[in-house]
Amino acid sequence: TFWNKQFWFVSHLATAVIPLITGPFQFWAWFRKRYIKWHRFLGKVYIIGSLSGGLTAIYLGITQPYPGSVVPTLILATLWLFMTSAAWVTIKRKNVQAHRLFMIRSYTLTLAFVFLRILSDLVYKHNFLSFIKNEDVKDATYEWMSWVLPLLTVEFIISWIPLLKQKKNYR
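Think of each chain on its own: its residues are numbered from 1, step by step along the sequence as written. Local features in this predicted model are restricted to residues whose pLDDT is 70 or higher, and side-chain atom pairs enter the listing and the counts only when it is 80 or higher, whereas totals over whole chains, interfaces and linings include all residues. In computing side-chain values, all of the structure's heavy atoms are included and hydrogens and water are not.

1. A word on the layout of surface pockets
Inference 1: Approximately 1,000 Å³ is the volume attributed to the largest pocket.
Inference 2: In terms of lining, the largest pocket is formed by 35 residues, of which the most central are Q64, T73, F113, L116 and R117.
Inference 3: Only DSSP runs of H or I with at least four residues qualify as helices, and only runs of E with at least two residues qualify as strands; both kinds are numbered from the N terminus onward. Listed by contribution, the elements that provide at least two residues to the lining of the largest pocket are α1 (6-27), α3 (36-62), α4 (67-92), α5 (96-110), α6 (112-125) and α7 (135-165).
Inference 4: When residues in the lining of the largest pocket are grouped by element, the largest group, eight residues, is from α4.
Inference 5: Any residue with an atom within 4 Å of a point lines the site, the site being either a cavity, points on a 1 Å grid over the protein atoms alone where a 1.4 Å probe fits but cannot get out, or a pocket, an open set with protein on both sides within 12 Å along at least 5 of 7 lines. Grid points are joined across faces, edges and corners, and a volume is the space filled by probe spheres set on the points. Computed from the structure, the second largest pocket encloses a volume of approximately 680 Å³.

Next comes the structure, spelled out in structure tokens:
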């Protein structure tokens, strides 16, 4: 419950809100091009917030009282840590294109909290998933959907469609 893990919940929220807020500035081309030092500074702040938020999410996932929430929480947190770390590694290697794509993925996973709240409202206020009668299964389903569907949508747009459009040169 919240009261048993108050420190961890507050730590997670305090650190995870940082990338949630700084992310839009990182994607805003006008800001990024005119204020490159601020972009770099906010990028470091984003990374620290994401890594801290991801690590606290792992702890919260491991100690989760709802069995159906453990796996989606742990996989989400691990992917968030990986995508953010990969974005940092690729920019250190001066691979701007790969950095951009990993940042898009990382921010998509950052937004999982927002998607989770939207799906929760759809499920409990508008009877979305009403065909699932078991409440635990319903909760686990929309928890998975909160990050898998947005990440698949992003992958479709940034990876799959461009690959389908490529023509192979057989020379």
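2. Quick word on the pattern of salt bridges
Inference 1: Salt bridge, as used here: a side-chain nitrogen of Lys or Arg that lies within 4 Å of a carboxyl oxygen of Asp or Glu. Tallying each qualifying case throughout the model produces three salt bridges.
Inference 2: In this structure, the salt-bridge partner of R105 is E155, at a minimum N-O distance of 2.3 Å. Of the two residues, R105 is situated in helix α5 and E155 in helix α7; the sequence distance between them amounts to 50 residues.
Inference 3: One salt bridge in this structure joins D121 and K125, with 3.8 Å as the shortest N-O distance. Taken as a pair, D121 and K125 lie in helix α6 at a separation of four residues, close to a single helical turn.

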